Amino acid sequence: MEQACVFLNYERSWLQFNHRVLHEATRPELPVLERVRFISIVCSNLDEFFQKRVGGLKRQHMAGVTTLSVDGMTPDEQLAMIRGEVLAMMDTYRRVMFDELTPLLEEKGIRIVPFRELNDAQKLEAGRFFEQKIYPVVTPLAVDEGHPFPFISNKSRSLAIKLRDPKTREVLFARIKIPTNRPRWIELGGESGTGPDPKDGSIVLVSIDDLIRQNIDRFFPGMEVVAAHLFRVTRNADLERNEEELRERRFSEIVRLEIDAESPADMRSFLMRELEVRERDVYDMRGPIGLADVSQIANLPGFDHLRHKPWIPAVHPALRSAASPEDSVDLFAAIRKGFLAHHPYHSFESSTQRFVEKAASDPDVLAIKQTLYRTSSDSQVMHALIRAAESGKQVAVLVELKARFDEQ
């Protein structure tokens, strides 16, 4: 009798973790904008998963690697398993977002409205936004014998456009990149069309994708627009971590093509051929593509009542002065008294950050050695470590370079 495998597949385990994140978006007891935020996290996680994990497996497949994973799967078998898991996850998160959360948002005064359903005042306001903020920054690119297929950057949304010359009947392809320096959803008001409605605090959101599609003729005067559909690519980021590879990451091969399910068959085939992707790399989407951007909705100002109350970190009891809880005691003295444990609900600023800052300025400290898993672009801890090094202390810091694309 064959012995059952005692190992869990790494990729399936990660996907199950993301299913657990997705479960949070299904919980009716959570504030609606917190549930929307979990949808954003799920989709952002999937983007990273495809860039890193799927990218790595595809490199193994292309290199002919036949080594089995610990649970006995080849790279090709893992890719097939991943597709099935992701398709199920997509069905769930899109159902939750569009069938559950979107109606709930509307009940709470946040309406996501197609352009055709806007009232006259809102259409006027949306039109002004298009003229002033979108039209000047959009550059349509045609594809023909003299113009090769344009480069499609990682995680960017684009409109694939099928054109016809009314005189020659020649069919052409063009591409418009949705600008990333503009909000995904344009905020309009109720009846006024200019910001939140003062009567009920409601707000209307119209997609920038929809707004561009409604004005598509502006970019191709004299041409007949036959079809215009969204697509989005994800590129492999499983590369060696050196400066050259980081620069080249944005040009790496495509590991996923998300495409409007209503795209014509010839447009779909054209994109697959030009982007060099196989059928198993294509994911058909009905409705908006790239839902990591719903974080914009989760962060909408004026709707704090639809989110968790912000957590105020607590100062560790061992670091509070008996005379005044707001005054911090000497940190080194507190540590000398015994074991000191920092918990997630404790203030990082008054404990860990202050510990490093104190060590950086203390003349009795000769060396600082530590590990940083992640850091921000303007970290106070990093500033303290720099000051320590500049003052002559020995500073040795191991920085984790695999942490969510923080390498640069």
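Residues numbered from 1 in each chain as written. Predicted model: local features only at pLDDT ≥ 70, side-chain atom pairs only at ≥ 80, totals over all residues. Heavy atoms only, no water.

Novice: I'd like a rundown of the sheet that holds strand E4 (residues 171–177), residues and numbers included.
Specialist: Neighbouring strands of a sheet are bound in pairs by backbone hydrogen bonds; such pairs are parallel or else antiparallel. Sheet architecture is open: six strands sit in the order E2-E4-E3-E7-E8-E9, paired in mixed fashion. At either margin of the open sheet sits one strand with a lone partner, and together these are strand E2 (141–143) and strand E9 (282–285). The average undirected angle you get between the axes of adjacent strands in this sheet is 30 degrees. Strand direction decides the pairing type here: strand E3 (residues 157–164) and E4, joined by seven bridges, are antiparallel. (Pairing = 2+ DSSP bridges. Helix = DSSP H or I, 4+ residues; strand = E, 2+ residues; numbered from the N terminus. Axes fitted to C-alpha atoms, helices over the stretch in contact; angles between N-to-C directions.)

Novice: Any chance you could break down the confidence of the model for the chain for me, citing the residues and the numbers?
Specialist: Across the chain, pLDDT averages 87, with 89% of residues at or above 70. Counted against residues more than four places away or in other chains, residues 192–199, with its pLDDT under 50, gives 18 contacts. (pLDDT = per-residue confidence, 0-100. Contact = heavy atoms within 4.5 Å.)

Novice: Residue-level account of the pattern of salt bridges, with values.
Specialist: Summed over all chains, the structure comprises 27 salt bridges. With a closest N to O distance of 3.1 Å, Arg35 and Glu100 form a salt bridge. Of this pair, Arg35 sits in helix H2 (residues 32–62) while Glu100 sits in helix H3 (residues 75–107), and the two are 65 residues apart along the sequence. Of the residues examined, Arg35 reaches a relative accessible area of 3% and is grouped as buried. On the basis of relative accessible area, Glu100 is assigned to the partly exposed category, the value being 27%. With a shortest N-O distance of 3.5 Å, Asp209 and Arg184 are connected by a salt bridge. (Salt bridge = Lys/Arg side-chain N within 4 Å of Asp/Glu carboxyl O. Buried < 20%, exposed > 50% of the residue type's maximum accessible area, 1.4 Å probe, protein only.)

Novice: Explain the pairing of strand E6 (residues 203–207) to me, using residue names and the numbers behind them.
Specialist: Consecutive side chains of a regular strand alternate in pointing toward one face of the sheet and then the other. E6 sits mainly inside the fold: five of its five residues count as buried. Covered by surrounding structure in E6 are Ile203, Leu205 and Ser207 together with Val204 and Val206, the residues of both alternating faces. Sheet analysis places strand E1 (residues 110–112) next to E6, joined by three bridges and oriented parallel. Residue Ile110 lies in a different strand from E6, and its bridge partner there is Ile203. The pairing of strand E5 (residues 185–188) with E6 spans four bridges and is classified as antiparallel.

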